[in-house]
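Below are the chains, spelled out letter by letter.
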Amino acid sequence: EARRLELEHERLQVDKRAQGQGLGKACLQALQPAVRQLWPEINQLMLSVSSANLSAQAFYRAQGWVEEGEAYRGERRLVLTLPRHDIGASAIEK
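Please read all numbers here as calculations on a predicted model, not as lab measurements. (Residues numbered from 1 in each chain as written. Predicted model: local features only at pLDDT ≥ 70, side-chain atom pairs only at ≥ 80, totals over all residues. Heavy atoms only, no water.)

## So, the environment of E8
Here comes step 1: Mapped onto the elements of the fold, E8 is located in strand β1 (residues 6–8).
Here comes step 2: Residues E8 and L45, spaced 37 residues apart in sequence, show a C-alpha to C-alpha distance of 5.7 Å. (Helix = DSSP H or I, 4+ residues; strand = E, 2+ residues; numbered from the N terminus.)

Below, the structure is given as structure tokens:
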């Protein structure tokens, strides 16, 4: 069974005046290749979002994130499984 190696996406905030211009989407699209380059052993990204923030939940789901239940303090846990990336065992053991 493959090990689940996660990286937590701490925060993404776009000023209300700049929302709807594709900035958040561009940041998330740039995140995957950056993670692959810096931490090739990571196979899943995780974040939590307020259960009351329905627009943020919809935004992340539209970008391919999937809800996996409660994170903490009632927040929703969302994950993004990264495409398989062939890496050597030595990279995982570091």
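## Focus: the pairing of strand β3 (residues 66–70)
Here comes step 1: Note: β3 against strand β4 (residues 76–81), 3 bridges, orientation antiparallel. Counted as the bridge partner of E70 is R76 from β4.
Here comes step 2: Linking β3 back to β4 in an antiparallel pair, the connection comprises 5 residues, with R73 at a positive phi of about 50 degrees. (Pairing = 2+ DSSP bridges.)

## Things to note about the environment of R61
Here comes step 1: With respect to the helices and strands, the residue R61 is situated in helix α2 (residues 54–62).
Here comes step 2: On the accessibility criterion, R61 (38% relative accessible area) is partly exposed.
Here comes step 3: Separated by 17 residues in sequence, R61 and L78 place their C-alpha atoms 8.3 Å apart.
Here comes step 4: Sequence-distant contacts of R61, defined by excluding residues within four places in its chain, comprise E67 and L78. (Buried < 20%, exposed > 50% of the residue type's maximum accessible area, 1.4 Å probe, protein only. Contact = heavy atoms within 4.5 Å.)

## Things to note about unusual backbone geometry
Here comes step 1: For R73, which is not glycine, the phi torsion reads 50 degrees and is therefore positive.
Here comes step 2: The residue R73 is located in the loop between β3 and β4 in this model.

## What about the pattern of salt bridges?
Here comes step 1: According to the stated counting rule, one finds 4 salt bridges in the structure shown.
Here comes step 2: Of the charged contacts, one joins R17 and D15 as a salt bridge, the two residues approaching to 2.8 Å between their closest N and O atoms.
Here comes step 3: Look at D15 and you get partly exposed, because its relative accessible area is 39%.
Here comes step 4: A single network of salt bridges, built from pairs that share partners, joins R61, E67 and R76. (Salt bridge = Lys/Arg side-chain N within 4 Å of Asp/Glu carboxyl O.)

Without other data, these values stay purely geometric and don't point to any function.
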